[in-house]
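These are the residues of each chain, in order.
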Amino acid sequence: MPRIHVVDVPEFRPVVDSAKAREADGYRVIGPRKGYFTIEKAGEMSFNRKDMKLPPAIWYGIFTGGLNGEISSFGREVVTIIGTNQPL
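Heads up: these notes are all about the structure in this document. Because the structure is a prediction, the values reported are computed rather than measured.

**Structural notes on the overall build of the protein chain**
Next, step 1: Looking only at helices and strands, one finds three helices and seven strands in the protein chain.
Next, step 2: Taken from the N to the C terminus, the helices and strands of the protein chain come in the order β-α-β-β-β-α-α-β-β-β.
Next, step 3: At 12 Å, the protein chain has a C-alpha radius of gyration in line with the 12 Å of a compact globule built from 88 residues.
Next, step 4: The principal-axis extents of the C-alpha atoms in the protein chain amount to approximately 35 × 30 × 25 Å.
Next, step 5: With 88 residues in all, the protein chain has 33% of them scored as buried.
Next, step 6: Sequence separation of 24 or more characterises 55% of the internal contacts of the protein chain that already satisfy a separation of 6 or more.
Next, step 7: Per element, the accessible surface of the protein chain, about 5,200 Å² overall, is 51% carbon and sulfur.
Next, step 8: Of note, the protein chain has its 12 positive side-chain charges centred 2 Å away from the centre of its 10 negative side-chain charges.

Shown next, in the form of structure tokens:
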């Protein structure tokens, strides 16, 4: 199950809000805890920069808090994260 850890600062809040809005699609938001939110989803997870209205500088720092999984694609507008068979 892929997980991303998002720093609990206003600049990254659109990432958390986007995941919360898609809870019906299997996204789960945990936290904040120790300064981070954790977003997880069984299966592939994706985020769209324009939908979240993130400026490029924040977009390219989206994984500052860490990641459990693999980035299958990371473009100017969409990032897709998949699970890995590696233990946590």
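Having seen the model, we can carry on.
**Points about the environment of Met45**
Next, step 1: Looking at the element boundaries, Met45 is found in strand S4 (residues 45-48).
Next, step 2: Overall, the relative accessible area of 0% leaves Met45 in the buried class.
Next, step 3: Between the C-alpha atoms of Met45 and Ile71, which are 26 residues apart in sequence, the distance is 9.7 Å.

Analysis parameters
Residues numbered from 1 in each chain as written. Predicted model: local features only at pLDDT ≥ 70, side-chain atom pairs only at ≥ 80, totals over all residues. Heavy atoms only, no water. Helix = DSSP H or I, 4+ residues; strand = E, 2+ residues; numbered from the N terminus. Rg over C-alpha atoms; globule rule 2.2 N^0.38 Å. Buried < 20%, exposed > 50% of the residue type's maximum accessible area, 1.4 Å probe, protein only. Contact = heavy atoms within 4.5 Å. Areas by Shrake-Rupley, 256 points an atom, 1.4 Å probe, with all protein chains shown as cover. Lys, Arg positive; Asp, Glu negative; His and termini not counted. Charge placed at Lys NZ, Arg CZ, Asp CG, Glu CD.

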